[in-house]
Amino acid sequence: MAEEKRKRILSGIQPTGAPTLGNYIGAVRNWALLQNDYDCLYMVADLHALTVRQAPAELRRRTREMAALLLAAGIDPTHHVMFVQSHVPAHCELSWVLACNTQFGELSRMTQFKDKSAKHPDNVNGGLFTYPVLMAADILVYNADLVPVGQDQTQHLEIARDIATRFNGIYGDTFVLPEGYISASGAKIMSLAEPAKKMSKSDTNANGFVLMTDDKDTILRKFKRAVTDSDEVVRFDREAKPGVSNLMVIYSTFTGKTMADIEAEFAGKGYGDFKLAVAEATADALAPVKDEYARILADKSYVDGVLKEGAARAARLADRTVAKVYRKVGLLQLER
Ligand code: ATP
Ligand code: LTN
């Protein structure tokens, strides 16, 4: 019997800063795990990064660094496709057609647009506004079935589905409707310093995040300082005990233990022991990734070779969709 066709996954991460434990648990680690069951395309979303002003040399460096990190985290570029968004022109080509099928009103409702324009009032540019259209193009150009993202991206996924549904309605069946894929536990890792806020690489308080490249001493120090509460009981309760619960999620991710296991393990012990255990589990889990990252990044030609091959494979898939869409909307195509 023919093997059932595997579902296709696409996801992206912006090269806007040094990746954190939040990016790893919420996104990259799952990307690596999903490779066993799906055909995956993973990209560094450099075009999306341009919606916020970037220093050109830094953006170039970070794009290669992010690619190296994905490889270090276990993305397998031989069985799957890894590439840089700007290396595949079809994303922008499709984006224009989709933009002409997206309403001003629906883009105005996007919370990320509202947040980012409040954060950068001096640079509320057109790209920031049409960001979700480009993201829809990223997904639809590959007819991806599933899109693994953190909770913050669900609204962008909804609009991608809306755009696809509308296009299919007007021009006939063209796009697969993508589903979000949000891992339950690691969906949102919170700041270690302010557990009500998302752990974010752009945080001004460096104690709030753990970087993928932090060494063991730094990791131990950051967890030691992590904000908890004063009742010294390790118990999972996101509302009443956000700091402790966040540490429990991190510990559970790296040890596979359930919340009940963790509560039992630290019953009668203070937060000192608990924080140390979380820090050590994190440092142990990140150590091989960090070492691989350093090794891979030192081999620039290997990384660039992977990206070149990835772009060629991605473009073959994406160009077919663009040709189909151009034909459907009535753009004149000449015989080749
Ligand atoms: P910034 O810190 O600048 O706001 P970011 O860390 O959110 O950016 P992105 O490139 O926008 O980085 O996100 C990459 C992926 O990581 C997305 O799928 C996002 O949902 C996920 N992600 C980011 N931060 C977290 C977090 N704290 N917990 C879980 N997932 C996260
Ligand atoms: N918007 C996402 C990054 C991103 C993405 C995508 C994710 C760009 N294109 C396509 C999934 C699918 C972010 O900011 N995390």
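Heads up: the structure comes first, above all this text.
Residues numbered from 1 in each chain as written. Chains lettered and ligands numbered in written order. Predicted model: local features only at pLDDT ≥ 70, side-chain atom pairs only at ≥ 80, totals over all residues. Heavy atoms only, no water.

A. Spatial organisation of the overall build of the protein. Within the protein one finds 13 helices and five strands. In terms of overall size, the protein behaves like a compact globule, its C-alpha atoms giving a radius of gyration of 21 Å where 336 residues would be expected to give roughly 20 Å. Each principal axis of the C-alpha distribution contributes one length, and for the protein these read about 75 × 50 × 45 Å. Counting the 336 residues in the protein, one finds 49% classified as buried. Nonlocal contacts in the protein, meaning residues at least 24 apart in sequence, comprise 75% of its contacts between residues at least 6 apart. Only carbon and sulfur atoms are counted for the fraction: they give 52% of the accessible area of the protein, which is about 16,300 Å². Counting 42 positive and 42 negative side-chain charges, the protein places the centres of these two groups 4 Å from one another. (Helix = DSSP H or I, 4+ residues; strand = E, 2+ residues; numbered from the N terminus. Rg over C-alpha atoms; globule rule 2.2 N^0.38 Å. Buried < 20%, exposed > 50% of the residue type's maximum accessible area, 1.4 Å probe, protein only. Contact = heavy atoms within 4.5 Å. Areas by Shrake-Rupley, 256 points an atom, 1.4 Å probe, with all protein chains shown as cover. Lys, Arg positive; Asp, Glu negative; His and termini not counted. Charge placed at Lys NZ, Arg CZ, Asp CG, Glu CD.)

B. Structural view of the site of ligand 2. Around ligand 2 sit 14 residues in total, of which Gln14, Tyr131, Met135, Asp138 and Gln153 are the nearest. One nitrogen or oxygen atom from the side chain of Asp138 is found 2.7 Å from a nitrogen atom belonging to ligand 2. Interatomic distance of 3.1 Å between a side-chain N/O atom of Gln153 and a nitrogen atom of ligand 2. Summarising the interface, the protein chains cover 90% of the accessible area of ligand 2, which totals 360 Å² for the free molecule. Broken down by secondary-structure element, the contributors of at least two residues to the shell around ligand 2 are strand S1 (8-13) and helix H7 (126-140). (Near = heavy atom within 4 Å. Polar contact = N/O pair within 3.5 Å; in protein donor to acceptor, adjacent residues only side chain to side chain.)

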